[in-house]
Amino acid sequence: MKKILFSICLLGTVSGLRAEDGHQLWLRPHASVPVKVVGPAKSSALLATARQELQQGWQGTAGATVTLKLTKDKAIKYDGFRLNAQGVQANTERGLLYGAFGLLRRQQTGQAVAEEISNPSYEYRLLNHWDNPDGSVERGYAGQSIFWRKDSSFVVTGHDRALWQQYARANASVGLNGAVINNVNSSPLMLSAAYLARTKAIAGALRPYGVRVYLAVKFSSPALLGGLKTSDPLDPAVIKWWHAKVKEVYQQIPDFGGFVVKASSEGQPGPQDYGRTHADGANLLADALRPYGGLVMWRAFVYSPSDKDRAKQAYNEFVPLDGKFLDNVIIQVKNGPIDFQPREPFSPLFGALKKTAVMPEFQITQEYLGQAIDLVFLAPMWQECLRSDTHQAGPGSTVARCTDGSVYAQKHSAMAGVSNVGLDTNWTGHDFAQANWYAFGRLAWNNQLDSRQIADEWLKLTFGTAAQLAAADWDAHFLAPMTQLLLASREAAVNYSMPLGLHHIMSATHGHYGPGPWWGPPGMRADWTPPYYHQAAANGVGFDRTTAGSNAVSQYHEPLAAEFNNPATCPDEYLLWFHHLPWDFKMKSGRTLWDELALHYDHGVRQVRQFQQTWDAARPYVDAERFAVVQNKLRTQSGNAVLWKDACLLYFQQFSHLPIPAEVEPPMHTLEGVIANDAPPLRRPAGQP
Ligand code: BDP
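Rules used in this analysis
Residues numbered from 1 in each chain as written. Predicted model: local features only at pLDDT ≥ 70, side-chain atom pairs only at ≥ 80, totals over all residues. Heavy atoms only, no water. Buried < 20%, exposed > 50% of the residue type's maximum accessible area, 1.4 Å probe, protein only. Helix = DSSP H or I, 4+ residues; strand = E, 2+ residues; numbered from the N terminus. Pairing = 2+ DSSP bridges. Domains from an automatic or database assignment. UniProt positions renumbered as here; feature names shortened; annotations may be inferred. Disulfide = S-S within 2.5 Å. Near = heavy atom within 4 Å. Polar contact = N/O pair within 3.5 Å; in protein donor to acceptor, adjacent residues only side chain to side chain. Areas by Shrake-Rupley, 256 points an atom, 1.4 Å probe, with all protein chains shown as cover. Nonpolar A, V, L, I, M, F, W, Y, C, P; charged D, E, K, R; others polar. Contact = heavy atoms within 4.5 Å. Axes fitted to C-alpha atoms, helices over the stretch in contact; angles between N-to-C directions. pLDDT = per-residue confidence, 0-100. Phe/Tyr/Trp six-rings, centres within 6.5 Å; stacked < 30°, edge-to-face > 60°. Lys NZ or Arg CZ within 6 Å of the ring centre and 35° of its normal. Salt bridge = Lys/Arg side-chain N within 4 Å of Asp/Glu carboxyl O. Parallel < 35°, antiparallel > 145°, perpendicular 65-115°, else oblique.

Let's talk about the pairing of strand β11 (residues 329–334)
And step 1. Buried residues dominate β11, accounting for six of its six residues.
And step 2. Side chains Val 329, Ile 331 and Val 333 of β11 all project onto a buried face; the interleaved residues Ile 330, Gln 332 and Lys 334 project onto the opposite face, where all are buried too.
And step 3. Two elements, strand β10 (residues 295–299) and β11, share four bridges in a ladder whose sense is parallel. Bridge pairing in β11 links Val 296 to Val 329.
And step 4. Across five bridges, the pairing between β11 and strand β12 (residues 357–363) is parallel. Bridge pairing links Ile 331 to Val 358 in β12.

Structural notes on the domain arrangement of the protein chain
And step 1. What the domain assignment reports for the protein chain is domain 1 (33–118), domain 2 (124–463) and domain 3 (495–543 + 580–677).
And step 2. Taking only C-alpha atoms, the centre of domain 1 and the centre of domain 3 are 48 Å apart.

Here we look at the UniProt feature "domain: Glycosyl hydrolase family 67 C-terminal" (unreviewed entry) in the protein chain
And step 1. The residues that UniProt annotates with the feature "domain: Glycosyl hydrolase family 67 C-terminal" (unreviewed entry) are residues 428–663.
And step 2. A helix fraction of 55% and a strand fraction of 0% characterise residues 428–663, whose end C-alpha atoms lie 37 Å from each other.

Quick word on the state of the cysteines
In protein structure, a disulfide is the covalent linkage between the sulfur atoms of two cysteines.
And step 1. Going through the model one piece at a time under the given rule, you end up with zero disulfides.
And step 2. Looking at Cys 402, it has no disulfide partner, and the nearest cysteine sulfur is the one in Cys 385, 11 Å off.
And step 3. A residue is classified by how much of its surface remains accessible, and Cys 402, at 3% relative accessible area, is buried.

Observations concerning the site of the ligand
And step 1. Around the ligand, a shell composed of 15 residues is seen, among which Glu 138, Lys 262, Arg 299, Asp 339 and Glu 367 lie nearest.
And step 2. At a separation of 2.6 Å, an oxygen atom of the ligand approaches a polar side-chain atom of Asp 339.
And step 3. Within the complex, the protein chains bury 100% of what would otherwise be the 320 Å² of accessible surface of the ligand.
And step 4. Partitioning the shell around the ligand into residue classes produces four nonpolar, three polar and eight charged.

Here's the deal with the environment of Asp 646
And step 1. Structurally, the position occupied by Asp 646 is in helix α20 (residues 624–656).
And step 2. Expressed as a C-alpha distance, the spacing of Asp 646 and Trp 130, which sit 516 residues apart in the sequence, is 33 Å.
And step 3. When near neighbours in sequence (up to four residues on either side) are disregarded, Asp 646 contacts Pro 667, Met 668 and His 669.
And step 4. Among the polar contacts made by the side chain of Asp 646, one reaches the main-chain amide nitrogen of Met 668 at a distance of 2.8 Å.

Notes on the sheet that holds β12
And step 1. With parallel pairing, the eight strands of this closed barrel are ordered in space as β6-β7-β8-β9-β10-β11-β12-β13. The mean angle between the axes of side-by-side strands here comes to 25 degrees, regardless of whether they run parallel or antiparallel.

Brief notes about unusual backbone geometry
And step 1. In the segment running from Glu 558 into Pro 559, the intervening peptide bond is cis, with an omega of 10 degrees.
And step 2. Mapping Pro 559 onto the fold places it in the loop between α16 (530–534) and α17 (560–565).
And step 3. Not every positive phi belongs to a glycine, and Trp 427 is a case in point at roughly 75 degrees.
And step 4. Here Trp 427 lies in the loop between β13 (414–418) and α12 (434–445).
And step 5. Judged by its relative accessible area of 1%, Trp 427 falls in the buried class.

Observations concerning the confidence of the model for the protein chain
Caution applies to low-pLDDT regions: their predicted coordinates should not be interpreted in detail.
And step 1. The predicted model of the protein chain has a mean per-residue pLDDT of 94, with 96% of residues at 70 or higher.
And step 2. Low pLDDT, under 50, characterises residues 1–14; the stretch is placed with five contacts to residues that sit more than four places away or in other chains.
And step 3. Considering only residues more than four positions removed or in separate chains, one finds that residues 682–687, a stretch of pLDDT under 50, has eleven contacts.

Some details on the sheet that holds strand β1 (residues 35–38)
And step 1. Spatially, five strands are ordered β1-β2-β4-β3-β5 in an open sheet, and the strand pairing comes out mixed. The open sheet is flanked by β1 and β5 (116–118), the only strands paired with a single partner. Adjacent strand axes in the sheet meet at a mean angle of 20 degrees, parallel and antiparallel pairs treated alike.
And step 2. Looking at chain direction, strand β2 (residues 64–70) and strand β4 (residues 87–90) are connected through four bridges and run parallel. Along β4, the bridge assignment pairs Leu 70 with Ala 90.
And step 3. Lying on the sheet, helix α2 (residues 45–57) is in contact with β1 and β2; it crosses β1 at an angle near 165 degrees.

Topic: the packing of aromatic side chains
And step 1. Summed over the entire model, instances satisfying the criterion amount to 41 aromatic pairs.
And step 2. Between the aromatic rings of Phe 147 and Tyr 167, the centroid separation amounts to 5.5 Å while the plane-to-plane angle is 90 degrees, which identifies the pairing as edge-to-face. Separated by 20 residues along the polypeptide, Phe 147 in the loop between β6 (124–128) and α4 (158–173) and Tyr 167 in helix α4 bring together distant segments of the chain.
And step 3. We classify Tyr 167 as buried; its relative accessible area is 0%.
And step 4. Linked through ring pairs, Phe 432, Trp 458, Phe 463, Trp 474, Phe 478, Trp 615, Tyr 621 and Phe 627 together constitute an aromatic cluster.
And step 5. Here the guanidinium or amino end of Arg 545 rests over the ring plane of Phe 543, the centre of that ring lying 3.9 Å away.

Focus: the pairing of β4
And step 1. Here three bridges tie strand β3 (residues 81–84) to β4, and the two strands are oriented antiparallel to one another. Within β4, the residue paired with Asn 84 across the bridge is Gly 87.
And step 2. Where β3 folds back onto β4 in an antiparallel hairpin, the turn is made up of two residues.

Things to note about the pattern of salt bridges
And step 1. Counted by the stated rule, this structure contains 35 salt bridges.
And step 2. For Glu 367, the salt bridge identified is with Arg 139, shortest N-O distance 3.0 Å. With Glu 367 in the loop between β12 and α10 (379–386) and Arg 139 in the loop between β6 and α4, this pair connects stretches of sequence that are 228 residues apart. Arg 139 shares its class with Glu 367; the two are buried.
And step 3. With its nearest N and O atoms 3.1 Å apart, the salt bridge here joins Lys 245 to Glu 248. Note that Lys 245 and Glu 248 are positioned in helix α7 (residues 236–252) at a spacing of three residues, about one turn of the helix.
And step 4. Under the relative-accessibility criterion, Lys 245 is labelled buried at 10%.
And step 5. Among the charged side chains, a network of salt bridges with common partners joins Glu 20, Arg 28, Asp 623 and Arg 626.

Things to note about the packing of helix α3 (residues 93–108) against α4
And step 1. Remark: α3 packs on α4, axes separated minimally by 9 Å, with the N-to-C direction vectors making an angle of 75 degrees. The angle between α3 and α4 places the two elements in the roughly perpendicular class. Between α3 and α4, the contacting residues are Leu 97, Tyr 98, Phe 101 and Arg 105 on the first element and Arg 169, Ala 172 and Ser 173 on the second.
And step 2. Looking at the contact of α3 with α4 residue by residue, the classes come out as four nonpolar, one polar and two charged.

This is the structure we're talking about:
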């Protein structure tokens, strides 16, 4: 025991840095100097928060005076702010809080504080928590829910409140202003009096940080909870029920944000159960919420096994309804047409709905991107989507501009991210998964922001000390290589799991972690199994979505449709998304498709090994606690990358009958061995992929 303690102490002194458990996120306390904060005469919880943040984090001139001033400035949008020599100006109290955090971030990351206006790209910037009333978290990899508990759910403890406040503070520091606190696969219980009481307590804890609470609701709540005979959206009793329920919610929580709805999707009830449309369903709720200023975020993640191509369905369902939604409805669209895969082209719904507000939904929790094991920085993936040009309103109509109100007149704009937060001490399971929470907030505030800047800020705030930031070697030996690592990490994950447009080939046995191109228990819906997506056969691999195939390609505006439709012009990244090609297809590189595929897998493995070396070299700059945890996770990731490579290449080789190229590291696994390891029974509840 003594020996162990001794070596732990020794480890702790290697970097000379205080051990950190990650709980402080990017808000680690900094040595501050005194500052005088002058604010509006009227006091409020939000203003008190802004004042307190400045006082505890100030690193500018000692004894300086900072003025927080409410104005009516037309150049400031939503909760934006203006920074100048006097301090912060904003049109709202939230804006003052964001300005205070913005000022502190500039100080802490060594950016100059110049006169500037910072406006959010989106009016509503939300996290979606897939948290269940029993405290479990769907696709959560960081422990149980911070909001709900299986036992004594309704006793709100001091610890609960403190945790909710820390959570809200983290959100506010990156400009997030809303939280949907329960799973989109919603329980009707959420609207019962007992759950509303806890929701009210949560709202109370988040309010001083400007974070509003929203709920995901089950469409059949009138029948399931209210005891009505139907939940038909056009039924007068149903309409009355929702109006009364919404009134009850606002009596408890006057600043309640609104509802998110997953309807007619993956077994969830919806208006189509009653022969009605998504618009009928969404408008019913929007009408009830409208008097209170509430929003409906209606998800477009809909598909049924009857269609031959899942990728086409959301577009086919929603485009005919364009213009039929009330103006407090926003259609919430996942970045890709299928489901948060490591790489997908953007969803063709972006830009195609011209008279209906559309919001992007990203997945922060890494369901398909290594969960809390793999280090994958997602900002480059989201940036890729946001910057994709839809061409729907001429060149330059990017996903970002089609959703933030710059292209289409829309009353409201929003962006949502599926949260990766849980009860784990470091909140997100992997210390580096915190970067994805941070990045999501920063991109929701500024959808043009570059991933490099986000990585740079996050690394400085999460690992840097004032002394390190001032020292030249920290930049060269920590910041620069770690920024490179973060920026390369998503492409590495694509390479070792689903390169060249492959998608959905993970195994569901281990909850979507790890390879499973063979996966598909008897009787399973085809569109929940990988062979449906990769279509590997003797004649080649890939899903034919061209005009000769499912024709999903035609949902894209020209010139994209023509570009994607032709394998000679389709970008390599999307090749097997749109095409089924022979194994000896000649790639742009001059290599065959088979060789190119093998090299991508191999490259992914090598990239992760490089990440391990980079991290090992970063040891002098990181506290021992976080260093060791991340080092171990990288080891696991590295082994798993090899598993992905071996499993996929050996599986596909059964069809290609081609040798693995000599440059590629020979497999260390056998296909039989990997498949045998993937044998345990499904952990997912029935009815879920
Ligand atoms: C899929 C998840 C599933 C979610 C679904 C959704 O596997 O757990 O319920 O998305 O977004 O990615 O509704």
